[in-house]
Amino acid sequence: MKLERVFVSGAAGVIGSQMVPLLAARGITVLAADLKPCPAHFPPEVQYRQGDLNHMDAAELAGFAPDCFIHLAATFERSTESYGFWEENFRHNLALSHHLMTLAKDLPSLRRVVFASSYLIYDPALYQFDRAQQQPVSLKESDPILPRNLTGMAKLAHEVELRFLDGFRRDGFSSVCARIFRGYGPGSRDVISRWVRSLLQGEAITIFRPEGWFDYVYAKDTAEGLIRLAEAEGLTGIVNLGTGQARRVGEVVAVLKRHFPAMRASESPSDIPFEASQADMTRFRAAIGWQPAYDLEKAIPEIIAHERARLARPEAKPAPGHLLVTSASRKIPLLRAAIAAARKLSPEMQVLAGDIDPDAPAQYAADGFWVMPRTDDTALDTLIDGCKARGIGFVLPTRDGELGFWARHKARFAHEGIAVLVSPEESVTRCLDKLDFARFGQERGLPFIPAFEGLEDAGPAPYAVKERFGAGSRAIGLNLDAAAAKEHAKGLTSPIFQPFIDGTEISVDAWLDRNHRVKGLVLRRRDRVVDGESQVTTSFRDAAIEDAARAALEALQLCGPVVMQILIDKAGQPHIIECNSRFGGASTAGIAAGLDSLYWSLAEAAGNDVAALPFARIPGEVRQVRLPADTHIILPE
């Protein structure tokens, strides 16, 4: 099989970090995904997606359209699994494998699935003993199985799932499960890398069961072997992947001794069994005709070089901080969308609701709550200190009245390591001033509705009269004659006058990168509006309107999530009313349609290449209906 587009999960892991450059060198288009940031050595043409793949959706993977899925993503603990591993194994092994295959199994493009399984599935009675063995046991694919821990159990569960799918999708794609033996490689948590790190620091190492036999397979060989399995489309089912030649633990120590002559090592008594296992590679060799190239003598110097270089590099940046959603009030759908975006980037990221109201309902929907001071310049230092004390790395302002403050002090917060997800101050100010906004668009020949301070400049009736500053729907007068327009203006603080256009108002959810380029946008009809917000809204498509919105948004030099209001007249022509440089009240509909705006904002602020993340617009449309819902909190006795 000639691979063209390959999706690799767990791409920043020990095997994946070796595999992705190998795939790219073959001219293959790669979508690499992992919880961790993109490794620096990945070729620039690789599409990288950082975040929790449990939050990946069908449209995202369908947009890439892989012909092959190589599933490496997994979590494990060496030797003894802790009590806390119960939940971690379920989420990042069992649930993740099932979720990703649920997304992939019906893709028309998919032809091949390669699953990185484990020899931990085999019955340990075959290869673990209460005394040292003279020879290792060669484990065959047909040998009895009995997973020896949770990791092995999770690997077996997914092998069974793939076998199940094979009965239904045999004409769609084929799958192979590689039972990988004792993996090791640069940057690993395996014992060889741990020993090398200790020895480079001048520390002594402790050896358990030096008589034990393991089939040590180097990550570069594992990566190459998995790629060759991907290419061998006719090979299905279970196949071992190791060297086929076990080495004693004592031999590993002897190789290390050659590179660290002053090494201090001591043997410690242990109650763990003596292992003596190696892969029977007969099936692999017969089908692939390839043999792993690395042994301990060749691989360990590369690991030493890697760890030595790592010690010479500056300390890695700490994990991204938490997300603060300001003026959270009752914005529960927004908070839930923010939580999903945060978890997608990092499972450890929490979302805090912030509000000046200590009774704000948002506190019950967030991971934490902060009764914040008002956002004025006198409180700047207090707000910065409060963010730092709470580990906040990102701030998402949500109210028009505070956007100017956050935009004005965005650089100061950035200096303190806090990314404020807001457009530049000039752009924010322009969008808040409806007169300046209208003049800006008119001067550039964009389809903005003109606005005037005096009625005499607004042309013939009818008119729309509104406040120059503040929410667009507040105290607005529509379809007024001259006398009514003048009377309505008396009740406003800073009235502006516009020609009234009879038409249908729509919303445009959009996201722009830090260079003010529109990554994606979604048009929405406002089917039912209550207090200025869409209670029922339905997405739709219109290329001409989308082009007009895109040109206007980029001219406004915005960034991050925004929502624009447009009137469509009886002739179908767009007339831009206003633009809110923030996430809109009903913009969760845009997310449902594939505009992953909050995740993109966090990913970009965390330093990821957002251009590599696809805008996977769903094939159909979304109707969002906003309904009240109860939240129940179980209180302690």
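This write-up is about the structure you can find in this document.

Calculation rules
Residues numbered from 1 in each chain as written. Predicted model: local features only at pLDDT ≥ 70, side-chain atom pairs only at ≥ 80, totals over all residues. Heavy atoms only, no water. Helix = DSSP H or I, 4+ residues; strand = E, 2+ residues; numbered from the N terminus. Buried < 20%, exposed > 50% of the residue type's maximum accessible area, 1.4 Å probe, protein only. Contact = heavy atoms within 4.5 Å. Areas by Shrake-Rupley, 256 points an atom, 1.4 Å probe, with all protein chains shown as cover. Arc of directions from axis to C-beta. Axes fitted to C-alpha atoms, helices over the stretch in contact; angles between N-to-C directions. Left-handed = near helix turned anticlockwise from the far one by under 90°. Nonpolar A, V, L, I, M, F, W, Y, C, P; charged D, E, K, R; others polar. Phe/Tyr/Trp six-rings, centres within 6.5 Å; stacked < 30°, edge-to-face > 60°. Pairing = 2+ DSSP bridges. Parallel < 35°, antiparallel > 145°, perpendicular 65-115°, else oblique. Core = buried A, V, L, I, M, F, W, Y, C linked by side-chain atoms within 4.5 Å. Salt bridge = Lys/Arg side-chain N within 4 Å of Asp/Glu carboxyl O. Polar contact = N/O pair within 3.5 Å; in protein donor to acceptor, adjacent residues only side chain to side chain.

### Considerations on the overall build of the protein
What the protein contains, in helices and strands, is 19 helices and 31 strands. Across the 637 residues of the protein, 53% fall into the buried class. Within the protein, contacts between residues separated by at least 24 positions form 72% of all contacts whose residues are at least 6 apart in sequence. Put simply, the protein shows about 28400 Å² of open surface, and 52% of that area lies on carbon and sulfur atoms.

### A few points about helix H14 (residues 425–432)
Buried within H14 are the following residues: Ser 427, Val 428, Arg 430 and Cys 431. Looking down the long axis of H14, one finds its buried residues gathered within 165° of arc, a one-sided arrangement. Those residues of H14 hidden inside the fold are in contact with helix H12 (400–408), helix H15 (434–443) and strand E30 (574–580).

### Quick notes on the packing of helix H5 (residues 191–200) against helix H7 (residues 249–259)
Here H5 crosses H7 at 30°, and the two axes come no closer than 12 Å. Judged by the twist between their axes, the crossing of H5 over H7 is right-handed. Note on element contacts: H7 touches H5 through Val 249, Val 252, Val 253 and Leu 256, opposite Ile 192, Trp 195, Val 196 and Leu 199. Along the lines of polarity and charge, the residues of the contact of H5 with H7 split into 8 nonpolar, no polar and no charged.

### Remarks on the packing of aromatic side chains
Given two aromatic rings, one states the distance between the centres and the angle between the planes to describe the pair. One pass over the full model with this rule turns up 15 aromatic pairs. A centroid spacing of 5.8 Å and a plane angle of 45° characterise the contact between Tyr 119 and Tyr 127, whose relative ring orientation is tilted. A relative accessible area of 3% means that Tyr 119 is categorised as buried. Between Phe 164 and Phe 168 the ring centres are 4.9 Å apart and the planes differ by 50°, which places this aromatic pair in the tilted class.

### Let's talk about the pairing of strand E4 (residues 68–71)
Taking every second residue as pointing to the same face, both faces of E4 are buried, with Cys 68 and Ile 70 on one and Phe 69 and His 71 on the other. Here strand E1 (residues 5–9) pairs with E4 via 4 bridges, running parallel. Bridge assignment links Val 6 to a residue of E4, and that residue is Cys 68. Summarising the sheet, E4 and strand E5 (residues 112–118) pair through 4 bridges and their orientation is parallel. Looking across to E5, one finds that Cys 68 is bridged to Arg 112.

### A look at the sheet that holds strand E25 (residues 495–499)
Sheet architecture is open: 3 strands sit in the order E24-E23-E25, paired in antiparallel fashion. The outermost strands of the open sheet, each flanked by one partner alone, are strand E24 (477–480) and E25. When the angles between neighbouring strand axes are averaged without regard to direction, this sheet yields 25°. Pairing geometry for strand E23 (residues 463–467) and E24, over 2 bridges, is antiparallel. Across the sheet, Tyr 463 pairs through a bridge with Leu 480, a residue of E24.

### With respect to the packing of H5 against helix H9 (residues 296–312)
H9 packs onto H5 with a crossing angle of 50° between their chain directions and a minimal axis gap of 10 Å. On the basis of the axis angle, H5 is oblique to H9. Handedness of the crossing formed by H5 with H9: right-handed. Judged by residue contacts, Ile 192, Ser 193, Val 196, Arg 197 and Leu 200 of H5 engage Leu 296, Ile 300, Ile 303, Ile 304, Glu 307, Arg 308, Arg 310 and Leu 311 from H9. Counted by class, the contact of H5 with H9 contains 8 nonpolar, 1 polar and 4 charged residues.

### Comments concerning the nonpolar core
In terms of nonpolar packing, the biggest core is built from 67 residues, with Met 19, Leu 23, Leu 226, Leu 229 and Leu 256 touching the most fellow members. Each residue touching Met 19, except ones within four places of it in the same chain, is listed here: Val 8, Ile 70, Leu 72, Ala 223, Leu 226 and Ile 227. Grouped together as the second largest cluster of nonpolar side chains are 37 residues, Val 325, Leu 335, Ala 362 and Phe 583 included.

### Examining the pattern of salt bridges
Tallied over the entire structure, the rule returns 41 salt bridges. With a shortest N-O distance of 3.6 Å, Asp 143 and Lys 140 are connected by a salt bridge. Notably, a salt bridge pairs Arg 626 with Glu 533, separated by 3.4 Å at the nearest N-O pair. Remark: Glu 533 occurs in strand E28 (residues 533–540) and Arg 626 occurs in the segment after strand E31 (623–625); sequence separation between them is 93 residues. With a relative accessible area of 40%, Glu 533 lands in the partly exposed category.

### Regarding the side chain of Ser 193
Considering the arrangement of structural elements, one finds Ser 193 in helix H5. Among the residues examined, Ser 193 registers a relative accessible area of 0% and is labelled buried. Here Gly 185 takes part through its backbone oxygen, which lies 3.0 Å from a polar atom of the side chain of Ser 193. Excluding its chain neighbours within four sequence positions, the residues that come into contact with Ser 193 are Gly 185, Gly 187, Ser 188, Ile 303 and Glu 307.

### Description of helix H11 (residues 380–389)
Turning to H11, its buried residues number three or more, namely Leu 380, Leu 383, Ile 384, Gly 386 and Cys 387. End-on, the buried residues of H11 take up no more than an arc of 160°, which puts them together on one face. Close packing links the buried residues of H11 with strand E18 (322–325), strand E20 (368–371), strand E21 (392–396), H12 and helix H13 (410–415). At the exit of H11 stands Gly 391, carrying a positive phi of roughly 70°.

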